[in-house]
Amino acid sequence: LSLGLGLGLRREKHQIKPVFLSRCEKFSGNNCQKIWDAFQQAYVNQDPCKVPVEAYDPLIAAAPFKSECNRMLFWSKTKDVVHDFTEKKDCFITLEDTLLGSVLDGLTWCGKEGSSDTFTTGCPGWTDCENNPVRSFWNRASAAFAEAACGAVTVMLNGSIATPFHPASIFASIEVKKLNATRAKNLNVVLVTDEHIVANCTNPSLKDLKKELDKGIKYNCEEVPQSQIEACASNPMAPCGTCW
Ligand code: DVN
């Protein structure tokens with residue numbers, strides 16, 4: 001009995017469904033069981049290295065991204081400063097501030113051939129195989145989030161590394177390619193700097209970024225100290241748009 005109870009509790013602790021549903025219900029309140037079903041069908045009963053990005057199409061259809069014009073924020077190698085900012089100030093929306101992004105942020109999951117269960121341990125890591133359930137989800141969600149981008153779009157890149165716009169990043173390999181000039185009018189690069197500035201707005205990788213943009217999207221780049229972004233985040237009186 002105690003062994004059975006112990007295993008049951010341990011299984012309970014690692015279950016993803018209660019986490020998924022409680023996060024989802026806090027966010028939206030409705031349709032969460034339907035969204036869970038759409039999520040699960042992407043990877044259950046599959047080889048966890050053979051889940052293509054398209055497997056999540058029904059999930060994206062069940063919980064589509066709203067176009068929030070002038071408020072969408074992308075990022076690459078700036079996760080902590082960006083989410084500290086969006087948590088404290090209601091100026092921008094990142095993928096991780098949307099229903100699907102917030103529900104799945106930080107979670108690991110996979111299925112197994114011949115099983116209808118969801119597993120949270122023994123799953124392939126990000127780089128173990130390309131078509132793993134977690135990576136395919138973020139790739140699919142990032143594409144859909146970028147397709148919805150409209151008006152002035154902002155990206156926070158890291159000025160403390162040599163290549164702020166890295167070709168292997170999700171931002172470079174997926175999101176930039178999905179920005180469409182009929183909806184997105186501007187791309188404003190905020191290059192976040194600290195005392196060790198490695199890259200400024202003349203960085204060669206940013207020339208590549210400008211070149212890759214859909215014709216008609218206006219490009220702009222500003223170097224902004226991280227301390228200024230943090231100070232603005234902590235100042236409830238600072239209006240959006242006056243932070244930098
Ligand atoms: O614009 C954002 C957002 O919309 C998101 O979906 O994609 C953009 C950020 O992705 P990015 O451009 O690839 O930026 P990063 O900083 O290189 O990677 C972002 C995240 O992807 C990492 O923080 C990792 O997520 P995690 O583990 O912190 O929840 C993940 N990631 C990327 N490459 C990885 C990796 N995780 C493990 N190994 C890797 N090689």
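Structure's up top.
Overview of the structure.

What counts, and at which threshold
- Residues numbered from 1 in each chain as written.
- Predicted model: local features only at pLDDT ≥ 70, side-chain atom pairs only at ≥ 80, totals over all residues.
- Heavy atoms only, no water.
- Buried < 20%, exposed > 50% of the residue type's maximum accessible area, 1.4 Å probe, protein only.
- Helix = DSSP H or I, 4+ residues; strand = E, 2+ residues; numbered from the N terminus.
- Contact = heavy atoms within 4.5 Å.
- Phe/Tyr/Trp six-rings, centres within 6.5 Å; stacked < 30°, edge-to-face > 60°.
- Lys NZ or Arg CZ within 6 Å of the ring centre and 35° of its normal.
- Salt bridge = Lys/Arg side-chain N within 4 Å of Asp/Glu carboxyl O.

Attention now goes to helix α5 (residues 79–88). For α5, the set of buried residues is Val81, Val82, His83, Phe85 and Thr86. Buried residues along α5 sit in contact with β1 (73–76), β2 (151–158), β3 (184–193) and α10 (226–233).

Moving on, we come to the packing of aromatic side chains. Enumeration over the complete set of coordinates arrives at 15 aromatic pairs. Between the aromatic rings of Phe65 and Phe145, the centroid separation amounts to 5.7 Å while the plane-to-plane angle is 80 degrees, which identifies the pairing as edge-to-face. Of this pair, Phe65 sits in the loop between α4 (57–62) and β1 while Phe145 sits in helix α7 (residues 133–147), and the two are 80 residues apart along the sequence. Neither residue differs from the other here; Phe65 and Phe145 are each classed as buried. Measuring from centroid to centroid gives 5.6 Å for Phe85 and Trp244, while their planes differ by 50 degrees, and the two rings are tilted. Of this pair, Phe85 sits in helix α5 while Trp244 sits in the segment after α10; the two residues are 159 residues apart in sequence, bridging distant segments of the chain. One aromatic cluster is present, formed by Phe20, Trp36, Phe39, Tyr43, Tyr56, Trp109, Phe137 and Trp138 through successive ring pairs. Above the ring of Phe119, the side-chain terminus of Lys112 is found at 4.4 Å from the ring centroid.

The tally for this structure, following the rule as stated, stands at 10 salt bridges. The partner of Lys50 in a salt bridge is Asp47, with the nearest N and O atoms 3.9 Å apart. Of the residues examined, Lys50 reaches a relative accessible area of 58% and is grouped as exposed. In this structure, a network of salt bridges that share partners links the residues Lys66, Glu68, Arg71 and Asp90.

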